[in-house]
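# Topology and contacts: notes
The residues making up each chain are set out below.
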Amino acid sequence: RKEVEQDPGPFNVPEGATVAFNCTYSNSASQSFFWYRQDCRKEPKLLMSVYSSGNEDGRFTAQLNRASQYISLLIRDSKLSDSATYLCVVKVGSGAGSYQLTFGKGTKLSVIP
Amino acid sequence: GAGVSQTPSNKVTEKGKYVELRCDPISGHTALYWYRQSLGQGPEFLIYFQGTGAADDSGLPNDRFFAVRPEGSVSTLKIQRTERGDSAVYLCASSAAAHSETQYFGPGTRLLVL
């Protein structure tokens, strides 16, 4: 079983749609959670961290359920510029021992005019 | 300010050859990481440096892979006797400290082994 699993995608949605990505992780020692965005042939960039209480950044909302080991990302009012691959990322451990990011395979989103 | 830079951006080599990939982290970042991303996959951890020392090299696939960071800044990933399966994008990242929330990635080196 992969450590981080995501919806396989691709997701093709019209502009203005709401789209949700789901992710599960297998290591219960995971302490930090993130969504990264990766444009075609570019490096991954941090989109947002994910906190237990849930957090929002503009049109983006991230949720974490530690009991179910489940992470989600909701994008409202999709824009053409949201087209990218979204990577679910976890980090095991905390403090000085916490450094290795474990990535899911990513889910590709295409927003269509 | 300047981000993480990597050179070359693309490298084509023949099976069996030796390659070196360079990473220049963000100035002042003590932690440096190498990841490898194969087509259709997420990045996979290779090695982590804290300062000059490799604190964790558990992700290196075999002894053909080696990395150094002699002065605690620039790092070089070295691959001996390259194989076609080594073809991937090699990503370098740095962070202010090992436990920092954010790792900043460079643009990667696309390695193609023919």
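A brief look at the structure comes next. Because the structure is predicted, anything quoted here is derived from the model rather than measured.

A tally of helices and strands in chain A yields 0 helices and 11 strands. Scanning chain A from its N terminus toward the C terminus, one meets helices and strands in the order β-β-β-β-β-β-β-β-β-β-β. For 113 residues, the compact-globule formula gives about 13 Å, and the C-alpha radius of gyration of chain A, at 14 Å, lands near that figure. By its C-alpha atoms, chain A is 45 × 30 × 25 Å across when sized along the principal axes. A buried classification covers 45% of the 113 residues belonging to chain A. Summed over all atoms, the accessible surface of chain A reaches about 5,500 Å², with 48% contributed by carbon and sulfur.

Right, let's get into the side chain of B:Thr13. Along the chain, the position of B:Thr13 falls in strand 2 (residues 10-13). In this structure B:Thr13 touches B:Val19, B:Thr82, B:Leu111, B:Leu112, B:Val113 and B:Leu114, once residues within four positions along its chain are discounted.

Here the focus is the side chain of A:Glu43. On the secondary structure map, A:Glu43 appears in the loop between strand 4 (30-38) and strand 5 (44-50). An unpaired buried charge is present at A:Glu43: no salt bridge exists, and A:Lys45, the closest side chain of opposite charge, is 4.3 Å distant.

Moving on: the packing of aromatic side chains. Taken as a whole, this structure holds 13 aromatic pairs over all chains when the rule is applied. On the numbers, 5.2 Å between centres and 80° between planes, the contact of A:Phe11 with A:Phe21 is edge-to-face. Residue A:Phe11 is located in strand 2 (residues 11-14), and its partner A:Phe21 is located in strand 3 (residues 19-25); the two are separated by 10 residues in the primary sequence. For A:Phe11, a relative accessible area of 22% puts it in the partly exposed group. Centre to centre, the rings of B:Tyr35 and B:Phe105 are 5.4 Å apart; their planes meet at 45°, and the pair counts as tilted. Within this pair, whereas B:Tyr35 is found in strand 4 (residues 31-37), its partner B:Phe105 is found in strand 10 (residues 104-105), the two being separated by 70 residues in sequence. Of the two residues, B:Tyr35 and B:Phe105, neither departs from the other in class, the shared state being buried. Clustering of aromatic rings is evident, with ring pairs tying together A:Phe34, A:Tyr36, A:Phe103, B:Tyr33, B:Tyr35, B:Phe45, B:Tyr48 and B:Phe105.

With that out of the way, let us pick up the interface of chain B and chain A. Counting residues at the interface gives 23 residues for chain B and 22 residues for chain A. Carbon and sulfur atoms supply 48% of the area that chain B and chain A bury against each other, a total of about 1,800 Å² over both sides. If you look at where chain B meets chain A, you find 0 salt bridges. For the side of chain B that touches chain A, the secondary-structure elements that each account for two or more residues are strand 4 and strand 5 (44-50) of chain B. In the side of chain B that touches chain A, the residues fall into 9 nonpolar, 10 polar and 4 charged.

What counts, and at which threshold
Residues numbered from 1 in each chain as written. Chains lettered and ligands numbered in written order. Predicted model: local features only at pLDDT ≥ 70, side-chain atom pairs only at ≥ 80, totals over all residues. Heavy atoms only, no water. Helix = DSSP H or I, 4+ residues; strand = E, 2+ residues; numbered from the N terminus. Rg over C-alpha atoms; globule rule 2.2 N^0.38 Å. Buried < 20%, exposed > 50% of the residue type's maximum accessible area, 1.4 Å probe, protein only. Areas by Shrake-Rupley, 256 points an atom, 1.4 Å probe, with all protein chains shown as cover. Contact = heavy atoms within 4.5 Å. Lys, Arg positive; Asp, Glu negative; His and termini not counted. Salt bridge = Lys/Arg side-chain N within 4 Å of Asp/Glu carboxyl O. Phe/Tyr/Trp six-rings, centres within 6.5 Å; stacked < 30°, edge-to-face > 60°. Buried area = accessible area lost by both parts, 1.4 Å probe. Nonpolar A, V, L, I, M, F, W, Y, C, P; charged D, E, K, R; others polar.

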